[in-house]
Amino acid sequence: MRLAERMDRILVETAFEVLVKARELEARGRSVIHLEIGEPDFDTPKHVIEAAKQALDDGWTHYGPTQGQPELREAVAAHVSQTRQIRVGPERVCVVPGGKPIIFFPMLALLERGDEVIYPNPGFPIYESMIRFMGATPVPMPLVEERGFSFDLDLLRDKLNDRTKMLILNSPQNPTGGVIPAEDIEAIAEMARERDLMVLSDEIYSRIHYGEKPVSIAGFPGMLEKTIILDGFSKIYAMTGWRIGYGVMPEWLVDAVNKLMVNSNSCTASFTQRAAIAALTGPQDAPEKMVKELHRRRDAFCEGLNGLPGMRCAQPQGAFYAFPNIKGTGMRSKELADALLEEAGVACLSGTAFGEYGEGYLRLSYANSYESLMEAVERMWRFLTG
Ligand SMILES: Cc1ncc(COP(=O)(O)O)c(C=O)c1O
């Protein structure tokens, strides 16, 4: 049996492949420091776990509304209104199993062959995968290290045309840790406002930042009707395995996403939604503590990376990834990432796992203990000087 032609166009995430390789090495007795996977090494806050247990006991084990439970949608709408300088109601919120469906479903609903999608490169690999899967045309926008990994705005202006149906923004960014400055977001809003396109604003790391607060494009005049906000619980509440996230979008698109949800998932798990309500409306000390600890690690880890021969690491402003420039080592990104895993016992990702413009960089997640990060720097030093 031959798979459908569209399966030739879908890609995978290298992070999971590197994890498998690292585990094989560990099974053979080798020590590996894991800096490849993009998930917090913190536990889900206790009160959130308690809320899920209580929900199971209380019978939240049945189907629920496709769009999400009203109480959760209210809580999300209030949170998003408070943090984005916009006013949205629960009718604009779709609760889905993770952040990823807010890439998949709106693209499925909007994109056709011939449509162009502008997306950050290096960027979260699922963007390009999904654009290709839909049969649309991927238009990569290189990120510029010297601009804090923001776009070259003149180049963006050149790439926008009548076929551009979607523009993807991600800030704070995976894999670079860059935060798009407010003035750039404003300039991008100016370019997008009069065009017949939707902006997919991936804000999954919006609360993990160390300086300037990331700004949502949805808050600029006229942009609320043209923006799909993607956010969720995976990163900020260390809930990657719970599979719960949400999108905020115009109501005409909510209807389409609901149809896709009813055809695929029926609804998001009911008891995890109760836990998500507890996460959003309960005490916020756990996420705050996590961000503080990530900040401490970022400072020490980047300082360590900057002391390595041939490496230069721009200070990430958000998320939990360092994206050092490794051109000075004289090695290609994939070659160095493979060698670091096999010879130094440090698992990380080649910048090219995030697109062709990632050549010359590595991605290292600092969602690992302070001690492990220092040990990783030590191992990399020995490898690079040995
Ligand atoms: C930029 C970005 N968007 C979306 C997601 C998806 O998050 P979730 O695990 O909630 O589907 C990730 C996860 O790594 C991410 O890095």
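Structure: see above.
Residues numbered from 1 in each chain as written. Predicted model: local features only at pLDDT ≥ 70, side-chain atom pairs only at ≥ 80, totals over all residues. Heavy atoms only, no water.

**Notes on the pairing of strand E7 (residues 227-232)**
Our working definition: With a 1.4 Å probe rolled over the protein chains alone, any residue whose accessible area is under 20% of its type maximum counts as buried; one over 50% counts as exposed, and the rest are partly exposed. The numbering of helices and of strands both runs from the N terminus, where a helix is a DSSP run of H or I of at least 4 residues and a strand a run of E of at least 2. For two strands to count as paired, DSSP must find a minimum of two bridges between them.
In terms of residue burial, E7 counts as a mostly covered element, since six of its six residues are buried. Burial of the side chains of E7 extends over both faces: Thr 227, Ile 229 and Asp 231 are buried on one face and Ile 228, Leu 230 and Gly 232 on the other. Here strand E6 (residues 198-202) pairs with E7 via four bridges, running parallel. Residue Leu 200 lies in a different strand from E7, and its bridge partner there is Ile 228. As judged from the four bridges shared by E7 and strand E8 (residues 245-248), these two strands associate in the antiparallel manner. Residue pairing for E8: Ile 229 is matched across the bridge by Val 248.

**Examining the sheet that holds strand E5 (residues 164-170)**
Our working definition: Geometry is summarised by axes, namely lines fitted to C-alpha atoms with helices restricted to the contacting stretch, and by angles between N-to-C directions that run from 0 to 180 degrees. Contact definition: two residues touch when any of their heavy atoms are within 4.5 Å.
In spatial order, the strands read E2-E8-E7-E6-E5-E3-E4; together these seven strands make up an open sheet with mixed pairing. In the strand order of this sheet, the two ends are held by strand E2 (93-96) and strand E4 (137-142), each with one partner. Direction aside, neighbouring strands of the sheet carry axes that sit 20 degrees apart on average. The strands touched by helix H5 (residues 125-133) within the sheet are strand E3 (116-121), E4, E5 and E6, with E3 carrying the most contacts at an inclination of about 160 degrees.

**Things to note about the pattern of salt bridges**
Note on pairing: side chains with opposite charge can pair once their charged atoms come close. Operational definition: Put simply, a salt bridge is a Lys or Arg side-chain nitrogen that is within 4 Å of an Asp or Glu carboxyl oxygen.
A complete count under the given rule lists 25 salt bridges for this structure. Across the salt bridge formed by Arg 9 and Glu 5, the nearest N and O atoms sit 2.9 Å from each other. Arg 379 is the salt-bridge partner of Glu 375, the closest N and O atoms lying 2.9 Å from each other. Taken as a pair, Glu 375 and Arg 379 lie in helix H12 (residues 370-385) at a separation of four residues, close to a single helical turn. Taking the relative accessible area as the measure of exposure, Glu 375 reaches 31% and is therefore partly exposed. Bridged by salt links that share partners, the residues Lys 21, Lys 334, Asp 338 and Glu 342 form one connected network.

**Focus: the packing of aromatic side chains**
Stated precisely, the cut-off is as follows: In summary, the pairing rule links any two rings of Phe, Tyr or Trp, Trp by its six-membered ring, whose centres are within 6.5 Å, and it sorts them by plane angle into stacked for under 30 degrees, edge-to-face for over 60 and tilted for everything else. Geometrically, a lysine NZ or arginine CZ counts as sitting over a ring once it is within 6 Å of the ring centre and also within 35 degrees of the ring normal.
Applying the stated criterion to the full structure yields twelve aromatic pairs. Ring geometry for Phe 323 against Tyr 361: centres 4.9 Å apart, planes inclined by 5 degrees, an arrangement best described as stacked. Pair noted here: Phe 323 is in the loop between strand E9 (321-322) and helix H11 (333-344) and Tyr 361 is in the loop between strand E11 (349-350) and strand E12 (362-365), with a separation of 38 residues, a long-range link. Comparing Phe 323 with Tyr 361, the two get one shared label, buried. The aromatic ring of Trp 60 is capped on one face by Arg 274, whose charged end is 3.9 Å from the ring centroid. Residue placement shows Arg 296 over the ring face of Tyr 370; its charged tip is 4.2 Å from the ring centre.

**Things to note about the sheet that holds E11**
Pairing within the open sheet is antiparallel, and its three strands lie in the order E9-E12-E11. Of all the strands in the sheet, just E9 and E11 have a single pairing partner and so form its edges. Pairing of E9 with E12 involves two bridges; the strand directions are antiparallel. Counterpart to Tyr 321 in the pairing with E12 is Ser 365.

**Looking at the site of the ligand**
Put simply, the rule is: By convention in these notes, a residue is near a molecule or strand provided one of its non-hydrogen atoms lies within 4 Å of it. Any N or O atom pair separated by 3.5 Å or less is treated as a polar contact, with the protein-specific requirement of one donor-capable and one acceptor-capable atom, and with residues adjacent in sequence counted only for side-chain atom pairs. The accessible surface values rely on the Shrake-Rupley method and a 1.4 Å probe; as for residues, cover is taken only from the protein chains in view.
Around the ligand lies a shell of 13 residues, among which Asp 202, Tyr 205, Ser 234, Lys 235 and Arg 243 are the nearest. Interatomic distance of 2.9 Å between a side-chain N/O atom of Asn 174 and an oxygen atom of the ligand. Contacts to the ligand include Tyr 205, whose side-chain N or O atom sits 2.8 Å from an oxygen atom. For the ligand, whose free accessible area comes to 390 Å², the fraction covered by protein is 94%.

**Here's the deal with the packing of helix H2 (residues 46-57) against helix H9 (residues 270-281)**
What counts is decided by this rule: In this scheme, a crossing is called left-handed if the near helix is turned counterclockwise away from the far one by less than a right angle; it is called right-handed if the turn is clockwise. Side-chain classes are defined by residue name, with Ala, Val, Leu, Ile, Met, Phe, Trp, Tyr, Cys and Pro counting as nonpolar, Asp, Glu, Lys and Arg as charged, and the others, Gly among them, as polar.
Contact geometry of H2 with H9 gives a least axis separation of 8 Å together with a crossing angle of 145 degrees. Of the two possible hands of crossing, H2 and H9 adopt the one that is right-handed. Across the interface between the two elements, His 47, Val 48, Ala 51, Ala 52, Ala 55 and Leu 56 of H2 pack against Phe 271, Arg 274, Ala 275, Ala 278 and Ala 279 of H9. When its residues are assigned to classes, the contact of H2 with H9 shows nine nonpolar, one polar and one charged.

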